[in-house]
Amino acid sequence: MALLINNLSRRVPSFMNSTVTVARFSSVATTEWKKNMTAAATQKRRTFAMTSLLHRGNDQGGGDKSSSNVFTSNKHIDPNNENTNDKKNQAFNSKFRKFVQPLSADPSNEKLKATCGCGTSAVQRNKFDPTDSALDGLLENNRQWAAAVVEEDPEFFKTIALQQKPKILWIGCSDSRVPPNQVLQLGPGEVFVHRNIANVVTHTDMSCLSVLQYSIEVLKIQHVIVCGHYNCGGVAAAYGKQQVGLIDNWLRNIKDVYRLYEDDINKEEGETQRMRRLVEHNAIHSAQNVCYSTIVQDAWKRGQKLTVHAWVHDIADGMARKLDFKASCASDLENIYKM
Ligand SMILES: [Zn+2]
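Residues numbered from 1 in each chain as written. Predicted model: local features only at pLDDT ≥ 70, side-chain atom pairs only at ≥ 80, totals over all residues.

**Quick look at the overall build of the protein**
Applicable threshold: Secondary structure elements follow DSSP: runs of H or I no shorter than four residues count as helices, runs of E no shorter than two count as strands, and numbering proceeds from the N terminus. Counting other C-beta atoms within 10 Å of each residue's C-beta, where C-beta atoms are placed from the backbone, gives the exposure class: buried for 20 or more, exposed for 12 or fewer, partly exposed between. We call two residues in contact whenever the C-beta atoms placed from their backbones are within 7 Å.
Secondary structure summary: the protein contains 14 helices and five strands in total. For the protein, the residues scored as buried account for 39% of the 339 residues in total. Considering only contacts within the protein whose residues lie at least 6 apart along the sequence, 73% involve residues at least 24 apart.

Put into structure tokens, the structure is as follows:
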């Protein structure tokens, strides 16, 4: 596993493709995208971007049809669709499961080799080699991705280089198991991203506030999704008593959330359920802090269309779900925070 620090632009997805999951998802998406491209020419470049992850041929089927650890829908988010997430999940179940390859696929599998086109299986190709100290393998992955994109749409990079028009800002955890572009099934150019340990939004985090301000005032995004996730190491550390280091100070923000909602959290049976509840409260609390910012409230005063959502993602089944918080205007907030 590697740590990738890059520009926040939504035009720079996870192009290193170091996981099997990513490789499989892409090939399925490619097939479906081709259908979309015939329906809407203006969507062509955007849809195609997801070939970022492609390894052609896996859509020939034959994989383990019971596997669920793959994200496959390529439908673009309709910013006005309240039920987009549910529909995406339904679409996945009904259309794409048959294409899924098993996570435990044998790298020597002849079918995978045959579909790769580069002499190695898709599984092998997308594994990160920890002995590759120069990271040449990752750059080769990147080269192949860029070449595949250009082959599909020679104008793609030239087009997105000119401007970005994402409709969504994603604020999530840095956890490698919750990649926003894959969770949302969006390609380069379609989601602006801010991530930190345990998706914390505080009133004085200049990095997060800068992302918020730029995305709302310049990019004119229409939705902010604050997405927590179960099995969050940051939340678990905050829930516990063990000292970890500098990050303990950051995690104090989550202890504050626990203190605020202690009675509700302690209604849950067992430590696991209580931590899951803390994850949910933490995501909602961060979404509320987004709303309390001068940036969001100024946008609402201007009449800008903007909705803030709190979600939670379960890495055990790959599903993102809505939590009980959504705000589209200041009247949705507690009185003390209204300006
Ligand atoms: Zn986390």
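Having seen the structure, we can now continue with the description.
**So, helix 11 (residues 247-260)**
Formally: Helix span, as expected, comes to 1.5 Å for every residue beyond the first. Across the chain, bend at a residue is computed as the angle between axes fitted to the seven residues ending at that point and the seven starting from it.
Taking 1.5 Å as the rise per residue, helix 11 with 14 residues should run 20 Å; its terminal C-alpha atoms sit 21 Å apart, in good agreement. Remark: the principal bend of helix 11, roughly 30 degrees, maps to Asn-253. Among the residues of helix 11, Leu-251, Asn-253, Ile-254 and Val-257 are the ones counted as buried. Looking at the buried residues of helix 11, the elements they touch are helix 10 (233-239) and helix 13 (270-292).

**What about the UniProt feature "binding site: Zn(2+)" (unreviewed entry) in the protein?**
Basically, it comes down to this: UniProt positions are given in the numbering used here, feature names are shortened, and annotations may be inferred rather than shown by experiment.
When the UniProt feature table is mapped to this numbering, "binding site: Zn(2+)" (unreviewed entry) covers Cys-173, Asp-175, His-229 and Cys-232. Look at the named residues: they lie 60 residues apart in sequence, but the longest C-alpha span between them is just 8.9 Å, so in the fold they bunch up. On the secondary structure map, Cys-173 appears in strand 1 (residues 168-173). Judged by C-beta crowding, with 24 C-beta atoms within 10 Å, Cys-173 ranks as buried. Setting aside anything within four residues of it in sequence, one finds Cys-173 in contact with Val-178, Arg-195, Ile-197, Ala-198, Asn-199, Gly-228, His-229, Cys-232 and Gly-234. Along the chain, the position of Cys-232 falls in the loop between strand 3 (223-229) and helix 10. Once you skip the residues sitting within four places of it in the chain, Cys-232 turns out to touch Cys-173, Asp-175, Ala-198 and Val-279.

**A short note on the nonpolar core**
Stated formally: To count as a nonpolar core, a set of buried Ala, Val, Leu, Ile, Met, Phe, Trp, Tyr and Cys residues must be joined through C-beta atoms within 7 Å.
Ranked by internal contacts, the top residues of the largest apolar core, which has 49 residues, are Trp-170, Val-226, Cys-227, Val-235, Ala-283, Ala-287 and Val-290. Of the residues forming this core, the biggest block, nine residues, is contributed by helix 13. If sequence neighbours within four positions are ignored, Val-290 has contacts with Val-201, Leu-212, Val-224, Val-226, Val-296 and Val-308.

**Overview of the sheet that holds strand 3**
What counts here: In this description, strands pair whenever DSSP reports at least two bridges between them. The axes used here are C-alpha line fits, helices contributing only the stretch in contact, and every angle between their N-to-C directions lies in the interval 0 to 180 degrees.
Across the sheet, five strands lie side by side as 2-1-3-4-5; this open sheet has mixed pairing. Two strands lie at the open edges of the sheet, namely strand 2 (192-196) and strand 5 (319-327), each paired on one side alone. Between one strand axis and the next, the sheet turns through 20 degrees on average, direction left out of account. As defined by bridge partners, strand 3 adjoins strand 4 (residues 307-314) across seven bridges and the pair is classed as parallel.

**A look at the environment of Ile-221**
For Ile-221, the position within the fold is in the loop between helix 9 (206-218) and strand 3. The buried category is assigned to Ile-221, around which 25 C-beta atoms lie within 10 Å. It is 6.2 Å that separates the C-alpha atoms of Ile-221 and Pro-166, two residues lying 55 residues apart in sequence. Each residue touching Ile-221, except ones within four places of it in the same chain, is listed here: Pro-166, Lys-167, Ile-168, Leu-169, Phe-192, Ser-215 and Ile-216.

**Examining helix 6 (residues 136-152)**
This is how the line gets drawn: The reported arc concerns the directions from the helix axis to the C-beta atoms and nothing else.
For helix 6, which comprises 17 residues, the first-to-last C-alpha distance of 24 Å matches the rise-based estimate of 24 Å (1.5 Å per residue) to within 8%. Every buried residue of helix 6 is accounted for by Asn-141, Trp-145, Val-149 and Glu-152. Around the axis of helix 6, the buried residues are gathered within 70 degrees of arc, so they sit on the same side. In helix 6, those exposed residues whose orientation departs by more than 90 degrees from the buried face are Asp-136, Leu-139, Arg-143, Ala-147 and Glu-151.

**Some remarks on unusual backbone geometry**
Unusually for a residue other than glycine, Asn-199 sits at a positive phi of about 40 degrees. In this structure, Lys-220 takes a positive phi of about 60 degrees despite not being glycine. Locating Lys-220 in the fold gives a position in the loop between helix 9 and strand 3. Classification of Lys-220 as partly exposed rests on a count of 14 C-beta atoms within 10 Å.

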